[in-house]
Every structure is written in C-alpha cells, then in structure tokens.
Amino acid sequence: MPIPGWNEVLHEQLLEEVRKVGDFQLEEFGNLDPEQVDEKGTRDLVTWVDRESEDRLARVLEESLPEAALRGEEGRQRKGRGELCWLVDPLDGTSNYSYGHPFFAISIALLKGKHPVLGIIHAPALRETFHAIDGQGAFLDDRPLKVSPRKDPANMLFATGFAEARQVHAEVNLRNMDRMLHASRGVRRAGSAALDLAYVAAGRFDAFWEMGLQSWDIAAGICLVRSAGGRVSDLLGREDLVYGQSILASNGLVHDWMLEELELDPRFSAES
C-alpha cells in the first residue's frame, strides 16, 4: 500500500533521527533517580525520559510528514489532514529501562486508516533497528528479515507478556502459559511487546501472544511481522486488530493451532 508523500530519503532520515533519540535514552540509562519514576497505572511506569523522547520524536515526525496525525502513548496528539496517523511508543519496556534491563525499544508506526503501512522498532541498548514498509519487506538495519520456517510446536520458541491489567486476567494468562510451555521448546516473557513482535519478524521467536495491549504497542510490530511473511490476528482470528486488545503474531505455520489452544479472557471476547 503506497504512502503518499513518503520516499526512501525520508525513510532513511527518520531511521537516523530515531537512532538519535535512542542515543539520548542510553545517556540516561542506569542513571534514573527512583523519585523520577512515576506510576501512571497499576504497575505501569513512566519517566521523564519517556516524555522527552516522545516530544523529540513528535517534532521529527511532524517535519517528515506534516499532514499526518499523531498519537503518542504519553499524551502527545496532533490532528492531521487525511487518513495518515503516526502511533508512537517512545519507550516500550519502561520497567526494564528503569531497572537497567536492556530489553526496551522505541516503536513508531504509520497507519493509513487502520492499516499499518510503516513500522520502526529501535532497540538502543541492543543496537538494532527493525523497520518495514508495507509491500517492501522487513529489515534489521540493512538485512532482510523472514519469519521462521518451523512447523512443529515442540521445536518452537514462543513469547508472551502480561500487560498492565494482568491482575484482572491472571488465571487466563497462567493457563495459557502452562499450555504453551508444555507444547513448545519454551516461552519467554521479556517485557517489551514491540521487541517481541520484531523478534517474530526476525525468526528469533516463532510466535507471540498477549492481551491488554494498546495500538502504539503493536502497530509497528504488525507491519514488521506481516512484511516478513508472518501472520497477525487477534485471539479471535480477526486481522483488523490494530485498535483491539489481544494479539497473536506467528510465522503463520502454527497460527491456527495457537488460536485453538489459547484462551481469551471473557472481558476481551467482545472487543471491536
């Protein structure tokens, strides 16, 4: 799906600017005063680094594509002209970041209507930048990405996460985790949905599922996984999910089996 006003030069410039914001995050990594860490919800943390990163990214995105709207996790919003909208998670994995754990990322997606047409996930501490444009493939820096070819769940490595509202559906999460642990090589829970999705696109994970996420958590990853040849849906099997609250991303070969095996919390069964 073509992106009006976008080109390779703008794409490379945006990648460079995102990496600069990542460098800023690394400058503060490990130096946070506990008093500078706030709770914006149950077990959901935010720091001044999140807010400053979002401000910097918003300025860059407005310059790159002035007509596009913008929605950021930390509250930055801008109305646009037309159907393009940037979704920004300036620091996915804030808890990891706050504790000095390197598994965190910047996640940026461009939507055309409800369809993610561009995705960038940059992991500053890991020095990796995953990016994709709809119809043009997915890449880790300059290397093309492809989802894994594995078919047997017993040989697969899965990932999951427990979002902010995990206490509401803890029993469902634990049943799903137990089921997948017994069926697979293992299940990882690393604390950044954006990077989990990027790892599915890279073939490092065979599948990822989670409930209770927001659009800025998953939109870039959806673009990456699909561009790398994978499949993404919600846990009801619906593929128009960017504003839903459950997700299953896989190499495609195990997707239908996982939809049958994974339990969806009843409070998400009527999500739209």
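No experiment lies behind these values; they were computed from the predicted model shown.

Reading the values: rules and limits
- Residues numbered from 1 in each chain as written.
- Predicted model: local features only at pLDDT ≥ 70, side-chain atom pairs only at ≥ 80, totals over all residues.
- Heavy atoms only, no water.
- Helix = DSSP H or I, 4+ residues; strand = E, 2+ residues; numbered from the N terminus.
- Buried < 20%, exposed > 50% of the residue type's maximum accessible area, 1.4 Å probe, protein only.
- Contact = heavy atoms within 4.5 Å.
- Core = buried A, V, L, I, M, F, W, Y, C linked by side-chain atoms within 4.5 Å.
- Phe/Tyr/Trp six-rings, centres within 6.5 Å; stacked < 30°, edge-to-face > 60°.
- Pairing = 2+ DSSP bridges.
- Axes fitted to C-alpha atoms, helices over the stretch in contact; angles between N-to-C directions.

## Comments concerning the environment of A154
Then, number 1: Along the polypeptide, A154 turns up in the loop between β10 (143–144) and β11 (157–160).
Then, number 2: Relative accessible area serves as the criterion here: at 38%, A154 is assigned to the partly exposed category.
Then, number 3: The sequence separation of A154 and A183 amounts to 29 residues, and the corresponding C-alpha distance is 5.6 Å.
Then, number 4: Ignoring sequence-local partners within four residues, the contact set of A154 consists of A183, S184 and R185.

## Structural notes on the nonpolar core
Then, number 1: In this structure, I121, F130, L145, L195, F208, L224 and I247 are the most contacted members of the largest nonpolar core, which totals 43 residues.
Then, number 2: Elements with a contribution of two residues or more to this core: β5 (84–92), β6 (105–112), β7 (115–123), β8 (128–133), β9 (138–140), α5 (193–201), α6 (215–227) and β15 (246–250).
Then, number 3: Not counting chain neighbours up to four residues away, the residues in contact with I247 comprise L197, F208, W209, E210, L213, I218, I222, V232, S233, D234, L235 and L241.

## Some details on the packing of aromatic side chains
Then, number 1: Under the counting rule described, the total for this entry stands at eight aromatic pairs.
Then, number 2: Where Y97 meets F104, the ring centres are 4.9 Å apart and the plane angle is 85°; that geometry is what we call edge-to-face. Grouping residues by exposure puts Y97 and F104 together as buried.
Then, number 3: Seen in terms of ring centroids, Y199 and F205 are 5.6 Å apart; in terms of plane orientation they differ by 45°. Their pairing is tilted.

## Regarding unusual backbone geometry
Residues apart from glycine generally show negative phi values, whereas peptide bonds are mostly found in trans.
Then, number 1: The backbone of R127 sits at a positive phi, close to 60°, despite the residue not being glycine.
Then, number 2: The residue R127 is located in the loop between β7 and β8 in this model.
Then, number 3: Judged by its relative accessible area of 58%, R127 is exposed.
Then, number 4: Even without being glycine, D141 reaches a positive phi, approximately 55°.

## What to know about the sheet that holds strand β14 (residues 231–233)
Then, number 1: Strand order in the open sheet made by the five strands is β12-β11-β13-β15-β14, with mixed pairing throughout. Only two strands of the sheet have a single partner each, and these edge strands are β12 (186–188) and β14. Each adjacent strand pair in this sheet contributes to an overall mean axis angle of 15°, direction not counted.
Then, number 2: Examined bridge by bridge, β11 and β12 share three bridges and lie parallel to one another. Bridged to F158 within β12 is V187.

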